[in-house]
Amino acid sequence: MTNEVTKRTFTTRTPDKPGAFMLACKVIMEKGGNITRVSYKRGGLNLFIEVQGTRDQLNAIEKGLSEISYVDYVPRIPIVLVMEVKISDTPGSLFPVLKIIDKYDVNISYLNSRAENREYQYFKIGMEVSDPQVSKKILDEVSEIYLLNVVQYNGNYDELDYTVEYIRLANTIQKLFSLDDSKIMEFMAECRSASAMLKGKGQDPTVVFDKILQLANFIAYHRDLNFKPRITTHQLTEETTLTVIEPPCGSNTYVLRNGDALLFVDSGMGIFSDEMITELREMFPAFFSMDKLMLVTHADADHCGLLSVIEGAEILVNKWNADRLCNMARPISDEDAYNYCYARLSRIITDFVAPDAKDIKVIGGEQTVEHDDFLLLGQIKFGDIELELYEGPGVHSKGETVILCRGPKLLFTGDLYSNTKDVTPERGEFNAIAPFVQTDSEDELERLTDARSKLGAIMDSIGRSGMIVCGGHGNIKRL
(Lines give C-alpha, C1' and ligand atoms only; values in the text may rest on other atoms or scores of the structure.)
Protein backbone atom coordinates (compact mmCIF):
# COMPACT_ATOMS: atom_id res chain seq x y z
CA MET A 1 0.00 0.00 0.00
CA THR A 2 1.23 3.57 -0.62
CA ASN A 3 0.98 4.46 3.08
CA GLU A 4 2.92 1.39 4.18
CA VAL A 5 6.22 2.37 5.86
CA THR A 6 9.36 0.83 4.38
CA LYS A 7 13.09 1.56 4.12
CA ARG A 8 15.28 2.57 1.18
CA THR A 9 19.04 3.21 1.00
CA PHE A 10 20.17 6.21 -1.02
CA THR A 11 23.73 6.09 -2.38
CA THR A 12 24.53 9.78 -2.74
CA ARG A 13 27.33 12.03 -3.98
CA THR A 14 27.97 14.95 -1.61
CA PRO A 15 30.44 17.82 -2.13
CA ASP A 16 33.42 17.99 0.24
CA LYS A 17 32.39 21.20 2.00
CA PRO A 18 30.67 22.28 5.23
CA GLY A 19 26.88 21.81 5.36
CA ALA A 20 26.70 19.17 2.62
CA PHE A 21 25.24 16.47 4.85
CA MET A 22 22.89 19.01 6.47
CA LEU A 23 21.49 19.84 3.02
CA ALA A 24 20.69 16.15 2.40
CA CYS A 25 19.06 15.92 5.84
CA LYS A 26 16.94 18.99 5.07
CA VAL A 27 15.55 17.35 1.89
CA ILE A 28 14.75 14.14 3.79
CA MET A 29 13.13 16.02 6.67
CA GLU A 30 10.97 18.19 4.39
CA LYS A 31 9.67 15.12 2.54
CA GLY A 32 8.73 13.38 5.80
CA GLY A 33 11.45 10.69 5.86
CA ASN A 34 13.28 9.39 8.91
CA ILE A 35 17.03 8.59 8.69
CA THR A 36 17.73 5.20 10.31
CA ARG A 37 21.39 4.64 9.30
CA VAL A 38 24.26 6.68 7.80
CA SER A 39 27.68 5.74 6.41
CA TYR A 40 30.21 8.24 4.96
CA LYS A 41 33.63 8.18 3.30
CA ARG A 42 35.35 10.94 1.38
CA GLY A 43 35.24 10.98 -2.44
CA GLY A 44 32.93 9.69 -5.24
CA LEU A 45 29.63 8.11 -4.21
CA ASN A 46 30.45 8.72 -0.59
CA LEU A 47 27.31 9.01 1.57
CA PHE A 48 24.96 6.09 2.19
CA ILE A 49 21.70 7.07 3.90
CA GLU A 50 19.03 4.56 4.94
CA VAL A 51 15.65 6.29 5.19
CA GLN A 52 12.31 5.09 6.52
CA GLY A 53 9.07 6.38 5.01
CA THR A 54 6.14 5.61 2.76
CA ARG A 55 6.67 4.85 -0.90
CA ASP A 56 5.45 8.32 -1.89
CA GLN A 57 7.79 9.96 0.64
CA LEU A 58 10.79 7.95 -0.53
CA ASN A 59 10.07 8.76 -4.17
CA ALA A 60 9.84 12.46 -3.27
CA ILE A 61 13.15 12.25 -1.36
CA GLU A 62 14.85 10.61 -4.34
CA LYS A 63 13.64 13.38 -6.61
CA GLY A 64 14.65 16.05 -4.09
CA LEU A 65 18.19 14.66 -3.76
CA SER A 66 18.50 14.55 -7.54
CA GLU A 67 17.55 18.23 -7.78
CA ILE A 68 20.59 19.14 -5.66
CA SER A 69 22.73 16.69 -7.72
CA TYR A 70 23.26 14.27 -4.83
CA VAL A 71 21.84 11.33 -6.76
CA ASP A 72 21.35 10.59 -10.43
CA TYR A 73 17.56 10.56 -10.68
CA VAL A 74 16.27 7.81 -12.93
CA PRO A 75 12.71 8.50 -14.15
CA ARG A 76 10.17 5.80 -13.54
CA ILE A 77 9.63 3.22 -16.23
CA PRO A 78 6.37 4.18 -17.92
CA ILE A 79 3.35 2.09 -17.01
CA VAL A 80 2.30 0.06 -20.02
CA LEU A 81 -1.45 -0.31 -19.89
CA VAL A 82 -3.62 -1.96 -22.51
CA MET A 83 -7.36 -1.93 -21.90
CA GLU A 84 -9.99 -3.70 -23.98
CA VAL A 85 -13.21 -1.71 -24.10
CA LYS A 86 -16.55 -3.11 -25.23
CA ILE A 87 -18.21 -0.37 -27.30
CA SER A 88 -21.53 -0.38 -29.10
CA ASP A 89 -21.14 -0.46 -32.86
CA THR A 90 -22.68 2.96 -33.47
CA PRO A 91 -21.19 6.22 -34.77
CA GLY A 92 -19.35 8.24 -32.13
CA SER A 93 -19.30 5.52 -29.44
CA LEU A 94 -15.52 5.57 -29.14
CA PHE A 95 -15.36 9.34 -28.68
CA PRO A 96 -16.12 9.43 -24.90
CA VAL A 97 -13.18 7.08 -24.27
CA LEU A 98 -10.82 9.16 -26.37
CA LYS A 99 -12.04 12.29 -24.62
CA ILE A 100 -11.15 10.81 -21.21
CA ILE A 101 -7.65 9.85 -22.40
CA ASP A 102 -7.11 13.27 -23.97
CA LYS A 103 -8.24 15.01 -20.76
CA TYR A 104 -5.21 13.56 -18.99
CA ASP A 105 -2.85 14.44 -21.88
CA VAL A 106 -1.93 10.81 -22.53
CA ASN A 107 -0.75 9.52 -25.89
CA ILE A 108 -2.24 6.34 -27.32
CA SER A 109 0.56 3.97 -28.31
CA TYR A 110 -1.57 1.12 -29.64
CA LEU A 111 -5.08 0.82 -31.07
CA ASN A 112 -6.85 -2.21 -32.48
CA SER A 113 -10.49 -3.18 -32.88
CA ARG A 114 -12.49 -6.25 -33.76
CA ALA A 115 -16.20 -6.58 -34.39
CA GLU A 116 -17.81 -9.19 -32.15
CA ASN A 117 -21.13 -8.93 -33.95
CA ARG A 118 -23.25 -6.16 -35.41
CA GLU A 119 -24.04 -4.73 -31.99
CA TYR A 120 -20.63 -3.97 -30.50
CA GLN A 121 -16.86 -3.93 -31.01
CA TYR A 122 -13.88 -4.58 -28.76
CA PHE A 123 -11.27 -1.81 -28.86
CA LYS A 124 -7.80 -2.51 -27.49
CA ILE A 125 -6.21 0.77 -26.47
CA GLY A 126 -2.58 0.86 -25.33
CA MET A 127 -1.01 3.73 -23.38
CA GLU A 128 2.29 4.52 -21.69
CA VAL A 129 1.71 6.64 -18.61
CA SER A 130 4.33 7.75 -16.11
CA ASP A 131 1.87 8.58 -13.31
CA PRO A 132 -0.08 5.62 -11.85
CA GLN A 133 -2.74 8.00 -10.54
CA VAL A 134 -3.49 9.10 -14.11
CA SER A 135 -3.80 5.47 -15.26
CA LYS A 136 -6.15 4.77 -12.36
CA LYS A 137 -8.36 7.76 -13.19
CA ILE A 138 -8.59 6.73 -16.85
CA LEU A 139 -9.63 3.18 -15.92
CA ASP A 140 -12.13 4.36 -13.32
CA GLU A 141 -13.77 6.87 -15.65
CA VAL A 142 -13.93 4.54 -18.66
CA SER A 143 -15.41 1.75 -16.50
CA GLU A 144 -18.23 4.09 -15.51
CA ILE A 145 -19.48 4.22 -19.10
CA TYR A 146 -18.32 0.97 -20.74
CA LEU A 147 -17.45 -2.56 -19.83
CA LEU A 148 -13.69 -3.06 -20.05
CA ASN A 149 -10.85 -5.40 -19.15
CA VAL A 150 -7.12 -4.84 -18.56
CA VAL A 151 -5.24 -7.18 -20.87
CA GLN A 152 -1.72 -5.88 -20.20
CA TYR A 153 -0.23 -4.10 -17.19
CA ASN A 154 3.40 -3.93 -16.08
CA GLY A 155 3.02 -1.83 -12.95
CA ASN A 156 3.44 -2.38 -9.26
CA TYR A 157 1.64 0.59 -7.75
CA ASP A 158 -0.87 -0.17 -5.02
CA GLU A 159 -3.53 2.38 -5.95
CA LEU A 160 -3.51 1.29 -9.59
CA ASP A 161 -3.15 -2.39 -8.66
CA TYR A 162 -6.49 -2.25 -6.81
CA THR A 163 -8.24 -0.85 -9.87
CA VAL A 164 -6.68 -3.39 -12.25
CA GLU A 165 -7.60 -6.18 -9.82
CA TYR A 166 -11.26 -5.28 -9.50
CA ILE A 167 -11.63 -4.83 -13.28
CA ARG A 168 -10.12 -8.27 -13.88
CA LEU A 169 -12.24 -9.70 -11.06
CA ALA A 170 -15.39 -8.35 -12.70
CA ASN A 171 -14.48 -10.00 -16.00
CA THR A 172 -13.86 -13.31 -14.23
CA ILE A 173 -17.23 -13.03 -12.46
CA GLN A 174 -18.98 -12.38 -15.76
CA LYS A 175 -17.46 -15.50 -17.32
CA LEU A 176 -18.33 -17.65 -14.30
CA PHE A 177 -21.99 -16.63 -14.18
CA SER A 178 -22.73 -15.25 -17.68
CA LEU A 179 -23.97 -12.01 -16.16
CA ASP A 180 -25.10 -9.24 -18.49
CA ASP A 181 -23.02 -6.10 -18.96
CA SER A 182 -25.22 -3.89 -16.79
CA LYS A 183 -24.84 -6.25 -13.83
CA ILE A 184 -21.05 -6.34 -14.23
CA MET A 185 -20.86 -2.57 -14.49
CA GLU A 186 -22.87 -2.41 -11.27
CA PHE A 187 -20.33 -4.80 -9.74
CA MET A 188 -17.46 -2.56 -10.89
CA ALA A 189 -19.17 0.49 -9.40
CA GLU A 190 -19.47 -1.33 -6.06
CA CYS A 191 -15.78 -2.29 -6.31
CA ARG A 192 -14.78 1.34 -6.89
CA SER A 193 -16.79 2.39 -3.87
CA ALA A 194 -15.39 -0.43 -1.73
CA SER A 195 -11.82 0.35 -2.79
CA ALA A 196 -12.17 4.05 -1.97
CA MET A 197 -13.81 3.32 1.39
CA LEU A 198 -11.23 0.78 2.52
CA LYS A 199 -8.24 2.84 1.35
CA GLY A 200 -9.69 5.79 3.24
CA LYS A 201 -9.64 3.67 6.40
CA GLY A 202 -6.11 2.42 5.75
CA GLN A 203 -7.40 -1.06 4.89
CA ASP A 204 -6.50 -3.28 1.95
CA PRO A 205 -9.24 -3.72 -0.73
CA THR A 206 -7.58 -6.89 -2.05
CA VAL A 207 -8.65 -8.68 1.14
CA VAL A 208 -12.28 -8.30 0.04
CA PHE A 209 -11.58 -8.93 -3.65
CA ASP A 210 -9.76 -12.18 -2.86
CA LYS A 211 -12.64 -13.39 -0.68
CA ILE A 212 -15.20 -12.53 -3.35
CA LEU A 213 -13.23 -14.50 -5.94
CA GLN A 214 -13.12 -17.52 -3.61
CA LEU A 215 -16.88 -17.22 -3.05
CA ALA A 216 -17.54 -16.93 -6.79
CA ASN A 217 -15.47 -19.98 -7.67
CA PHE A 218 -17.12 -22.05 -4.95
CA ILE A 219 -20.64 -21.08 -6.02
CA ALA A 220 -19.91 -21.63 -9.72
CA TYR A 221 -18.64 -25.15 -9.04
CA HIS A 222 -21.67 -26.13 -6.93
CA ARG A 223 -24.35 -25.11 -9.41
CA ASP A 224 -26.47 -27.38 -11.63
CA LEU A 225 -25.54 -31.07 -11.21
CA ASN A 226 -23.10 -30.25 -8.40
CA PHE A 227 -25.84 -28.68 -6.30
CA LYS A 228 -26.30 -31.39 -3.69
CA PRO A 229 -28.05 -30.08 -0.59
CA ARG A 230 -28.75 -32.21 2.44
CA ILE A 231 -32.52 -32.50 2.75
CA THR A 232 -34.31 -33.96 5.76
CA THR A 233 -37.99 -34.04 6.67
CA HIS A 234 -39.37 -34.19 10.20
CA GLN A 235 -42.94 -34.88 11.32
CA LEU A 236 -43.87 -32.21 13.85
CA THR A 237 -47.55 -32.98 14.33
CA GLU A 238 -50.06 -35.21 12.60
CA GLU A 239 -50.70 -32.43 10.10
CA THR A 240 -47.44 -30.46 9.89
CA THR A 241 -43.99 -31.43 8.60
CA LEU A 242 -40.69 -29.55 8.62
CA THR A 243 -38.31 -29.91 5.67
CA VAL A 244 -34.74 -28.69 6.11
CA ILE A 245 -32.70 -27.83 2.99
CA GLU A 246 -28.98 -27.28 3.63
CA PRO A 247 -27.25 -25.96 0.47
CA PRO A 248 -23.47 -26.00 -0.09
CA CYS A 249 -23.44 -22.29 0.81
CA GLY A 250 -26.01 -19.72 1.81
CA SER A 251 -28.55 -20.07 4.59
CA ASN A 252 -30.69 -23.09 5.31
CA THR A 253 -34.20 -23.02 3.89
CA TYR A 254 -36.86 -24.30 6.27
CA VAL A 255 -40.24 -25.29 4.83
CA LEU A 256 -43.25 -26.06 7.01
CA ARG A 257 -46.08 -27.88 5.24
CA ASN A 258 -49.66 -28.21 6.34
CA GLY A 259 -52.01 -29.57 3.67
CA ASP A 260 -51.81 -27.32 0.63
CA ALA A 261 -49.96 -24.53 2.45
CA LEU A 262 -46.22 -23.91 2.77
CA LEU A 263 -44.42 -21.60 5.18
CA PHE A 264 -40.77 -20.72 4.49
CA VAL A 265 -38.23 -19.48 7.02
CA ASP A 266 -35.32 -17.98 5.03
CA SER A 267 -34.54 -19.07 1.48
CA GLY A 268 -30.81 -19.20 0.69
CA MET A 269 -29.05 -17.54 -2.24
CA GLY A 270 -30.76 -16.36 -5.40
CA ILE A 271 -27.96 -17.82 -7.55
CA PHE A 272 -29.31 -21.29 -6.69
CA SER A 273 -32.95 -20.42 -7.47
CA ASP A 274 -33.28 -22.80 -10.45
CA GLU A 275 -31.79 -25.66 -8.46
CA MET A 276 -33.98 -24.88 -5.43
CA ILE A 277 -37.19 -24.70 -7.46
CA THR A 278 -36.35 -28.10 -8.96
CA GLU A 279 -35.93 -29.55 -5.46
CA LEU A 280 -39.15 -27.94 -4.22
CA ARG A 281 -41.15 -29.28 -7.15
CA GLU A 282 -39.89 -32.80 -6.44
CA MET A 283 -40.80 -32.51 -2.75
CA PHE A 284 -44.14 -30.80 -3.36
CA PRO A 285 -45.59 -31.84 -6.77
CA ALA A 286 -48.34 -29.21 -6.51
CA PHE A 287 -45.81 -26.54 -5.50
CA PHE A 288 -46.89 -23.79 -7.89
CA SER A 289 -50.55 -23.96 -6.85
CA MET A 290 -49.91 -24.15 -3.08
CA ASP A 291 -50.40 -21.19 -0.72
CA LYS A 292 -47.05 -19.77 0.37
CA LEU A 293 -45.94 -17.52 3.21
CA MET A 294 -42.27 -16.50 3.57
CA LEU A 295 -40.60 -15.33 6.79
CA VAL A 296 -37.14 -13.79 7.06
CA THR A 297 -34.85 -14.00 10.10
CA HIS A 298 -32.73 -11.14 8.75
CA ALA A 299 -32.24 -9.38 5.44
CA ASP A 300 -28.85 -10.70 4.31
CA ALA A 301 -28.56 -11.70 0.65
CA ASP A 302 -27.68 -15.30 1.54
CA HIS A 303 -30.97 -15.69 3.46
CA CYS A 304 -33.38 -13.99 1.04
CA GLY A 305 -32.60 -15.35 -2.41
CA LEU A 306 -35.97 -16.86 -3.27
CA LEU A 307 -38.13 -13.94 -2.09
CA SER A 308 -38.28 -12.46 -5.60
CA VAL A 309 -38.42 -15.86 -7.30
CA ILE A 310 -41.36 -17.70 -5.73
CA GLU A 311 -44.45 -16.17 -7.33
CA GLY A 312 -47.60 -15.50 -5.37
CA ALA A 313 -45.94 -15.76 -1.97
CA GLU A 314 -46.70 -13.29 0.81
CA ILE A 315 -43.55 -12.02 2.58
CA LEU A 316 -43.94 -11.19 6.26
CA VAL A 317 -41.12 -9.15 7.88
CA ASN A 318 -40.59 -6.40 10.43
CA LYS A 319 -39.91 -2.79 9.39
CA TRP A 320 -36.10 -3.10 9.68
CA ASN A 321 -35.99 -6.03 7.26
CA ALA A 322 -38.58 -4.53 4.91
CA ASP A 323 -36.33 -1.48 4.47
CA ARG A 324 -33.12 -3.50 4.04
CA LEU A 325 -34.64 -5.82 1.46
CA CYS A 326 -34.87 -2.82 -0.84
CA ASN A 327 -31.26 -1.61 -0.57
CA MET A 328 -29.23 -4.16 1.46
CA ALA A 329 -27.54 -1.20 3.19
CA ARG A 330 -25.98 -1.48 6.63
CA PRO A 331 -24.49 1.11 8.95
CA ILE A 332 -20.74 1.22 8.47
CA SER A 333 -18.01 1.43 11.09
CA ASP A 334 -14.24 0.99 11.06
CA GLU A 335 -14.56 -2.46 12.61
CA ASP A 336 -16.88 -3.93 9.99
CA ALA A 337 -15.73 -2.14 6.82
CA TYR A 338 -14.48 -5.40 5.31
CA ASN A 339 -17.78 -7.14 6.05
CA TYR A 340 -19.77 -4.22 4.68
CA CYS A 341 -17.90 -4.23 1.37
CA TYR A 342 -18.01 -8.03 1.16
CA ALA A 343 -21.79 -7.94 1.65
CA ARG A 344 -22.26 -5.30 -1.05
CA LEU A 345 -20.29 -7.30 -3.61
CA SER A 346 -21.68 -10.72 -2.66
CA ARG A 347 -25.20 -9.31 -3.07
CA ILE A 348 -24.48 -9.02 -6.79
CA ILE A 349 -22.70 -12.31 -7.41
CA THR A 350 -25.31 -14.28 -5.42
CA ASP A 351 -27.98 -12.74 -7.69
CA PHE A 352 -30.04 -11.09 -4.99
CA VAL A 353 -33.06 -9.26 -6.39
CA ALA A 354 -35.33 -7.30 -4.08
CA PRO A 355 -38.90 -8.63 -3.95
CA ASP A 356 -41.83 -6.59 -5.20
CA ALA A 357 -42.97 -4.18 -2.48
CA LYS A 358 -46.60 -5.24 -2.98
CA ASP A 359 -45.71 -8.75 -1.78
CA ILE A 360 -44.22 -7.48 1.51
CA LYS A 361 -46.34 -7.18 4.64
CA VAL A 362 -44.86 -5.49 7.72
CA ILE A 363 -45.52 -6.99 11.13
CA GLY A 364 -44.93 -5.19 14.44
CA GLY A 365 -45.51 -1.60 13.34
CA GLU A 366 -43.94 0.86 10.92
CA GLN A 367 -41.28 2.23 13.30
CA THR A 368 -37.66 1.09 13.65
CA VAL A 369 -36.55 1.54 17.25
CA GLU A 370 -33.24 0.28 18.60
CA HIS A 371 -33.45 -1.88 21.74
CA ASP A 372 -31.50 -4.58 23.56
CA ASP A 373 -34.19 -7.19 24.15
CA PHE A 374 -36.43 -9.65 22.28
CA LEU A 375 -39.72 -7.90 21.55
CA LEU A 376 -42.81 -9.84 20.53
CA LEU A 377 -43.96 -8.66 17.10
CA GLY A 378 -47.00 -10.91 16.78
CA GLN A 379 -48.29 -14.45 16.25
CA ILE A 380 -49.02 -16.45 13.12
CA LYS A 381 -51.43 -19.36 12.96
CA PHE A 382 -50.25 -21.99 10.50
CA GLY A 383 -52.48 -25.05 10.36
CA ASP A 384 -52.38 -26.73 13.77
CA ILE A 385 -49.38 -24.78 15.13
CA GLU A 386 -48.83 -21.18 16.20
CA LEU A 387 -45.59 -19.23 15.66
CA GLU A 388 -44.42 -16.24 17.70
CA LEU A 389 -42.15 -13.68 16.02
CA TYR A 390 -39.63 -11.80 18.19
CA GLU A 391 -37.46 -8.90 17.09
CA GLY A 392 -33.97 -9.30 18.57
CA PRO A 393 -31.47 -6.67 19.80
CA GLY A 394 -29.68 -6.44 16.43
CA VAL A 395 -26.39 -8.10 17.35
CA HIS A 396 -25.88 -9.82 14.00
CA SER A 397 -28.17 -7.56 11.98
CA LYS A 398 -30.66 -4.81 12.75
CA GLY A 399 -34.14 -6.31 12.68
CA GLU A 400 -32.93 -9.89 13.31
CA THR A 401 -35.98 -12.01 14.02
CA VAL A 402 -36.36 -15.28 15.90
CA ILE A 403 -39.43 -17.47 15.50
CA LEU A 404 -40.75 -19.65 18.31
CA CYS A 405 -43.36 -22.39 18.42
CA ARG A 406 -44.40 -23.55 21.89
CA GLY A 407 -46.06 -26.76 20.80
CA PRO A 408 -44.29 -28.56 19.26
CA LYS A 409 -41.20 -26.87 20.66
CA LEU A 410 -39.47 -25.26 17.71
CA LEU A 411 -37.06 -22.30 17.46
CA PHE A 412 -35.68 -20.56 14.34
CA THR A 413 -32.68 -18.42 15.32
CA GLY A 414 -31.24 -17.04 12.09
CA ASP A 415 -27.51 -16.37 12.45
CA LEU A 416 -27.68 -15.89 16.21
CA TYR A 417 -26.91 -19.61 16.20
CA SER A 418 -25.47 -21.97 13.57
CA ASN A 419 -24.72 -25.66 14.05
CA THR A 420 -21.15 -25.54 12.73
CA LYS A 421 -20.38 -28.97 14.27
CA ASP A 422 -22.89 -30.77 12.04
CA VAL A 423 -22.61 -29.52 8.46
CA THR A 424 -22.32 -31.21 5.09
CA PRO A 425 -18.79 -31.66 3.63
CA GLU A 426 -19.52 -28.93 1.07
CA ARG A 427 -20.67 -26.55 3.78
CA GLY A 428 -17.59 -27.35 5.83
CA GLU A 429 -15.42 -26.50 2.83
CA PHE A 430 -17.30 -23.25 2.34
CA ASN A 431 -16.97 -22.30 6.03
CA ALA A 432 -13.19 -22.52 5.62
CA ILE A 433 -13.19 -19.77 2.97
CA ALA A 434 -16.21 -17.72 3.90
CA PRO A 435 -17.14 -14.78 5.76
CA PHE A 436 -15.20 -13.12 6.96
CA VAL A 437 -11.77 -12.38 8.37
CA GLN A 438 -12.70 -10.20 11.31
CA THR A 439 -11.85 -10.22 15.00
CA ASP A 440 -14.98 -9.57 17.01
CA SER A 441 -14.53 -6.73 19.46
CA GLU A 442 -15.01 -7.31 23.17
CA ASP A 443 -18.17 -5.22 23.05
CA GLU A 444 -19.66 -7.30 20.21
CA LEU A 445 -18.92 -10.55 22.04
CA GLU A 446 -20.55 -9.19 25.17
CA ARG A 447 -23.66 -8.20 23.20
CA LEU A 448 -23.85 -11.61 21.54
CA THR A 449 -23.50 -13.36 24.91
CA ASP A 450 -26.18 -11.12 26.38
CA ALA A 451 -28.53 -11.74 23.42
CA ARG A 452 -28.11 -15.51 23.65
CA SER A 453 -28.73 -15.34 27.40
CA LYS A 454 -32.01 -13.47 26.84
CA LEU A 455 -33.01 -15.90 24.10
CA GLY A 456 -32.20 -18.73 26.49
CA ALA A 457 -34.62 -17.24 29.01
CA ILE A 458 -37.41 -17.43 26.42
CA MET A 459 -36.50 -21.06 25.72
CA ASP A 460 -36.50 -21.82 29.45
CA SER A 461 -39.99 -20.36 29.78
CA ILE A 462 -41.37 -23.31 27.80
CA GLY A 463 -38.69 -25.84 28.71
CA ARG A 464 -35.75 -26.78 26.51
CA SER A 465 -36.22 -30.52 26.65
CA GLY A 466 -37.38 -31.84 23.28
CA MET A 467 -36.96 -28.46 21.57
CA ILE A 468 -35.78 -28.42 17.91
CA VAL A 469 -33.37 -25.53 17.29
CA CYS A 470 -33.10 -24.45 13.63
CA GLY A 471 -30.02 -22.29 13.14
CA GLY A 472 -29.03 -20.18 10.19
CA HIS A 473 -26.64 -22.83 8.91
CA GLY A 474 -25.98 -26.48 9.66
CA ASN A 475 -28.20 -29.33 10.83
CA ILE A 476 -31.06 -28.85 13.27
CA LYS A 477 -30.28 -29.59 16.91
CA ARG A 478 -32.63 -31.46 19.24
CA LEU A 479 -32.29 -30.48 22.88
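Check the entry above for the structure.
A short tour of the structure in this document, coming up.

Cut-offs applied
- Residues numbered from 1 in each chain as written.
- Predicted model: local features only at pLDDT ≥ 70, side-chain atom pairs only at ≥ 80, totals over all residues.
- Heavy atoms only, no water.
- Phe/Tyr/Trp six-rings, centres within 6.5 Å; stacked < 30°, edge-to-face > 60°.
- Helix = DSSP H or I, 4+ residues; strand = E, 2+ residues; numbered from the N terminus.
- Buried < 20%, exposed > 50% of the residue type's maximum accessible area, 1.4 Å probe, protein only.
- Lys NZ or Arg CZ within 6 Å of the ring centre and 35° of its normal.
- Axes fitted to C-alpha atoms, helices over the stretch in contact; angles between N-to-C directions.
- Parallel < 35°, antiparallel > 145°, perpendicular 65-115°, else oblique.
- Left-handed = near helix turned anticlockwise from the far one by under 90°.
- Contact = heavy atoms within 4.5 Å.
- Salt bridge = Lys/Arg side-chain N within 4 Å of Asp/Glu carboxyl O.

### Description of the packing of aromatic side chains
Here comes step 1: In this structure the tally under the stated criterion is six aromatic pairs.
Here comes step 2: Seen from their ring centres, Phe 218 and Phe 430 are 5.3 Å apart, and the 45° between their planes marks the pair as tilted. Taken together, the positions of Phe 218 in helix 7 (residues 205-221) and Phe 430 in helix 11 (residues 425-433) put the pair 212 residues apart, joining distant regions of the chain. Of the two residues, Phe 218 and Phe 430, both sit in the buried class.
Here comes step 3: Each ring, one from Tyr 254 and one from Phe 412, has its centre 5.3 Å from the other, and the planes form 65°; the classification is edge-to-face. Here Phe 412 lies in strand 18 (residues 409-414) and Tyr 254 lies in strand 10 (residues 253-258), a separation of 158 residues in the sequence.
Here comes step 4: Residue classification places Phe 412 among the buried residues on the basis of a relative accessible area of 1%.
Here comes step 5: Over the face of the ring belonging to Tyr 120 we find Lys 86, whose NZ or CZ atom lies 4.0 Å from the ring centre.
Here comes step 6: If you follow Lys 292 out to its NZ or CZ, it ends over the ring of Phe 287, 4.8 Å from the centre.

### A short note on the packing of helix 3 (residues 95-103) against helix 4 (residues 132-145)
Here comes step 1: Axis separation between helix 3 and helix 4 bottoms out at 10 Å; the angle between their running directions is 160°. With respect to helix 4, the axis of helix 3 lies roughly antiparallel. Considering how the two elements wind past one another, helix 3 and helix 4 form a crossing that is right-handed. Contact residues: helix 3 offers Pro 96, Val 97, Ile 100, Ile 101 and Lys 103, while helix 4 offers Ile 138, Glu 141, Val 142 and Ile 145.

### A look at the pattern of salt bridges
Here comes step 1: On inspection of all chains with the given rule, the structure shows 21 salt bridges.
Here comes step 2: For the salt bridge of Arg 344 with Glu 190, the shortest nitrogen-to-oxygen distance reads 3.0 Å. Taken together, the residues Arg 344 in helix 10 (residues 337-349) and Glu 190 in helix 6 (residues 181-200) connect sequence positions 154 residues apart. Glu 190 matches Arg 344 in its accessibility class, with the two residues each being buried.
Here comes step 3: Here Lys 398 ties to Glu 370 by a salt bridge, and the two come within 3.4 Å at their closest N and O atoms. Here Lys 398 is found in the loop between strand 16 (385-391) and strand 17 (401-406), whereas its partner Glu 370 is found in the loop between strand 14 (360-362) and strand 15 (375-382), with 28 residues between them in sequence.

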